[in-house]
Amino acid sequence: MAVPVAFFALFFAYPVTAIVGRGLKVGGDWQFARIGEVLSRPDILGVLWFTTWQALASTALTLLIALPGAYVLARFDFPGKQVLRAVVTVPFVLPTVVVGTAFLALLGRGGLLDELGGVRLDTTVWAILLAHVFFNYAVVVRTVGGLWSQLDPRQEEAARVLGAGRFAAFRRVTLPALTPAVAAAALMVFLFTFTSFGVVQILGGPAYSTLEVEIYRQTAQLLDLPTAAVLTLVQFAAVGGILAVHAATVRRRERALKLVDPAQTSRRPRGAGQWALLGGVLLTALLLILLPLGVLVERSFEGPRGYGFGYYQALQSVGAGGSSTFLVPPLEAVGNSLRYALVATLIALVVGGLAAAALTRRAGRLVRGFDALLMLPLGVSAVTVGFGFLITLDEPPLDLRTSWILVPLAQALVGVPFVVRTMLPVLRAVDDRLREAAAVLGASPLRAWREVDLPLVRRAVLVAAGFAFAVSLGEFGATVFIARPDNPTLPVAVARLLGRSGELNYGQAMALSTILMLVCAVSLLLLERIRTDRSGEF
């Protein structure tokens, strides 16, 4: 636990504490009265209210749309099932900046709906809700569908034989078994939407602001650190409560169910109703997932003189069309992002792998608390972490403000939880007697790990590396503060281009977003090939 604890203490706890301290300390004394002052402001109350209700609405809408997809992928066997599974998972690994850009191309000014019927939904809450459903559809499908595929269907069939109708059998047999998984998925969707940043910033406009967006505005634009500190504490408390409820829900699911092989529960659709359900899910995937991404790609090729590679070619020069958005050609952001993501993946594998190994030892409350700590970077303000890096890592021996390593360190904080969640179940499944037998035969602990554990978890390590690479590639909240102007990452470059007017800037943003989407999609397809956990958990 030493390396993970030191990593999180230095690069997570220290920056966050420093930001909060600067906001709430005056002359070395804590001014807790500021919390009440900030939370009583009408504008801040409006932000808290919008953050909460849009997260609840996004969660409910996601469950409503995604649960039929979970059932189809769990119970039906049909040609193209693996392709559909990969397609619905693509949005989850996409950066939020790409999601916002794709929906901007579909719903915004000059978008597809605007051209076809004069309908614009950007700067409305509907654009935000639809983008959140797009982003979190896979969370429900993979989490609930993975468990659903392992429930024994004979229990529901027995209820039908005893006289229960189809709905009554589902309500009394299947739904109670699924409730923990549905609750866990709902909590994760609520967490992601509660802390939404890129989607709201791009699609919401100045009229809508979540806690994360408001923290960014108060920090970067208004330099109001006291308000930002209070909002950080509020978000920290909310995320801590959500993660605690999520952990309890997961533990309940793990010990309450007896599961079967998913291959025993899947069959071809029967009857018009089931084929209609399958068709509806395919149509949903087409309209909700493929259409925004397709429009994004189409807009990246559509120039003022027709279709072509003009916007992609413009990425190779600085100041194309009179723009001074970048100090270097925007295309360099591709190489920067790949290098940063590779280093961040290596850091996440080392830190997350050691943390997962420590958590398998089951050392009581200390380790369980450490497990919860590892999840906090997913919910605590990335904006706060990024700004905290700038004000804390600026003195020897850790003067890293001008160092390239600062970006991978921030990205690794987001990658570590995915590494831990991927590797932990596999490590816990390794029989301790194998390690003991190796020790009896004279193997050192290091050799026992190399000869026993590593061959069994090698594929899980590859899956964890893929997830860490994808989320590192798309990290935006912290990177927007610490990425240097001469070394921008892809998400930062897209946000800068969208922040400037002009058709060329817009087209270049679409082109860069398409490149970023393709890189993430390729990473996901590789994950699907080496995936070993058939339960569908992330």
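Residues numbered from 1 in each chain as written. Predicted model: local features only at pLDDT ≥ 70, side-chain atom pairs only at ≥ 80, totals over all residues. Heavy atoms only, no water.

> Please set out the overall build of the protein chain residue by residue, giving values where relevant.
Along the protein chain, the regular secondary structure elements total 23 helices and six strands. A burial count over the protein chain gives 53% of its 538 residues as buried. Residue pairs in contact within the protein chain that sit at least 24 positions apart in sequence constitute 79% of those at least 6 positions apart. For the protein chain, the computed accessible surface area is about 23600 Å², with 63% contributed by carbon and sulfur atoms. (Helix = DSSP H or I, 4+ residues; strand = E, 2+ residues; numbered from the N terminus. Buried < 20%, exposed > 50% of the residue type's maximum accessible area, 1.4 Å probe, protein only. Contact = heavy atoms within 4.5 Å. Areas by Shrake-Rupley, 256 points an atom, 1.4 Å probe, with all protein chains shown as cover.)

> Now, about the packing of aromatic side chains: what can you tell me, with residues and values included?
Aromatic ring pairs are reported here in terms of the distance separating the ring centres and the angle at which the planes meet. Per the stated rule, a full pass over the model turns up 14 aromatic pairs. A centroid spacing of 5.3 Å and a plane angle of 80° characterise the contact between F103 and F134, whose relative ring orientation is edge-to-face. Note that F103 is positioned in helix α5 (residues 96–107) and F134 in helix α7 (residues 125–148), a separation of 31 residues in sequence. Here the two residues F103 and F134 agree in accessibility, since each one is buried. (Phe/Tyr/Trp six-rings, centres within 6.5 Å; stacked < 30°, edge-to-face > 60°.)

> Tell me about the nonpolar core, residues and numbers included.
Core analysis: the biggest nonpolar cluster contains 161 residues, and F7, L94, L203 and F389 have the highest contact counts within it. It is α7 that provides the largest number of residues to this core, a total of 16 residues. Non-local contacts of L94, meaning those with residues more than four positions away in its chain, are made with V99, F134, F135, L293, M517 and C520. (Core = buried A, V, L, I, M, F, W, Y, C linked by side-chain atoms within 4.5 Å.)

> Could you give an account of the pattern of salt bridges, naming the residues involved and the relevant values?
In the structure shown here, the tally under the stated rule is five salt bridges. Note that D43 and R41 form a salt bridge whose closest N and O atoms lie 3.0 Å from each other. Among the residues examined, D43 registers a relative accessible area of 38% and is labelled partly exposed. Owing to a relative accessible area of 26%, R41 belongs among the partly exposed residues under this scheme. Across the pair E302 and R299 runs a salt bridge, and its minimum N-O distance is 3.4 Å. Look at the salt bridges and you will find they share partners, linking E115, E298, R299 and E302 into a network. (Salt bridge = Lys/Arg side-chain N within 4 Å of Asp/Glu carboxyl O.)

> Help me get a handle on empty space enclosed by the protein, residues and values and all.
Where empty space is left can be seen by rolling a probe of water-molecule size over the atoms. The tally for this structure, following the rule as stated, stands at three cavities of 30 Å³ or more. Each pocket or cavity is described by its volume, and for the largest cavity that value is around 590 Å³. Taken together, 30 residues make up the lining of the largest cavity; nearest its centre are T96, F135, F192, L378 and V414. Its residues assigned to classes, the lining of the largest cavity shows 17 nonpolar, 11 polar and two charged. Taken as a whole, the second largest cavity encloses approximately 80 Å³ of empty space. (1 Å grid on protein atoms, 1.4 Å probe; cavity = no way out; pocket = protein on both sides within 12 Å on 5 of 7 lines; lining within 4 Å. Points joined across faces, edges and corners; volume = space filled by probe spheres on them. Nonpolar A, V, L, I, M, F, W, Y, C, P; charged D, E, K, R; others polar.)

> Residue-level account of the packing of helix α1 (residues 2–24) against helix α17 (residues 382–392), with values.
Here α1 crosses α17 at 85°, and the two axes come no closer than 8 Å. By the angle between their axes, α1 is roughly perpendicular relative to α17. Taken together, the residues of α17 that come into contact with α1 (itself represented by F11, F12, Y14, P15, V16, A18, I19 and R22) are T384, V385, F387, G388, F389, I391 and T392. (Axes fitted to C-alpha atoms, helices over the stretch in contact; angles between N-to-C directions. Parallel < 35°, antiparallel > 145°, perpendicular 65-115°, else oblique.)

> Mind laying out a positive patch on the surface, listing which residues take part and the relevant values?
A cluster of like positive charges, contributed by R160, R166, R267 and R270, occupies part of the molecular surface. Counting through the fold element by element, R267 comes out in the loop between α12 (225–256) and α13 (271–301). A relative accessible area of 31% means that R267 is categorised as partly exposed. (Patch = residues over 30% accessible without salt bridge, like charges linked within 9 Å, V, L, I, M, F, W, Y side chains within 5 Å. Lys, Arg positive; Asp, Glu negative; His and termini not counted. Charge placed at Lys NZ, Arg CZ, Asp CG, Glu CD.)

> Hey, could you go over the environment of Q508 for me, with residue numbers and the actual values?
Within the element layout of this structure, Q508 appears in helix α23 (residues 503–530). Owing to a relative accessible area of 3%, Q508 belongs among the buried residues under this scheme.

> Give me a nonpolar patch on the surface: which residues, what numbers.
Together, L283, L286, L287, L290 and L291 give the surface a local cluster of nonpolar side chains, amounting to about 430 Å² of exposed area. Following the sequence through the fold, L291 ends up in helix α13.

> So what's going on with the environment of P180? Which residues, and what values?
Looking at where P180 falls in the secondary structure, it is placed in helix α9 (residues 166–194). In this structure P180 comes out as buried when scored by relative accessible area, which is 5%. Through-space distance from the C-alpha of P180 to that of V144 is 9.0 Å; in sequence the pair is 36 residues apart.

> Describe the packing of α5 against α7, listing the residues and the values that go with them.
The relative placement of two packed helices is expressed as an angle between their axes plus a distance between the axes. Where α5 contacts α7, the two axes come as close as 10 Å, and the packing angle between them is 130°. As far as their axial angle goes, α7 and α5 are oblique. As for how α5 packs across α7, the hand of that crossing is right-handed. Judged by residue contacts, T96, V99, F103 and L107 of α5 engage A127, L130, A131, F134 and F135 from α7. (Left-handed = near helix turned anticlockwise from the far one by under 90°.)

> Can you break down helix α20 (residues 445–474) residue by residue, with the values?
Its 30 residues give α20 an end-to-end C-alpha distance of only 37 Å, which falls more than 12% under 44 Å, the value for a rise of 1.5 Å per residue. Along α20, the sharpest change in direction is near 60° and occurs at L454; proline P455 comes one to four residues later. (Expected span 1.5 Å × (residues − 1). Bend = angle between axes of the 7 residues up to and from the residue.)

> Lay out the confidence of the model for the protein chain in plain terms, naming residues and giving numbers.
In the predicted model, the protein chain carries a mean pLDDT of 80, and 89% of its residues have values of at least 70. The element-level mean pLDDT for the protein chain is lowest in helix α16 (residues 365–375), coming to 69, with helix α3 (residues 42–75) highest at 91. Of the regions scoring below 50 in pLDDT, residues 532–538 engages in 21 contacts with residues more than four places distant in sequence or in other chains. (pLDDT = per-residue confidence, 0-100.)

> Talk me through the side chain of T489; I want residue IDs and the actual numbers.
Looking at the secondary structure, you find T489 in the loop between α21 (479–482) and α22 (490–498). On the basis of relative accessible area, T489 is assigned to the buried category, the value being 1%. Here T489 is in contact with A333, S337, Y340, V407, Q411 and T479, once residues within four sequence places are set aside.

> Lay out the environment of F134 with the relevant residues and their values.
Residue class for F134 comes out buried when judged on its relative accessible area of 0%. Aside from chain neighbours lying at most four places away, what touches F134 is P91, L94, V99, F103, L288, I289, P292 and L293.

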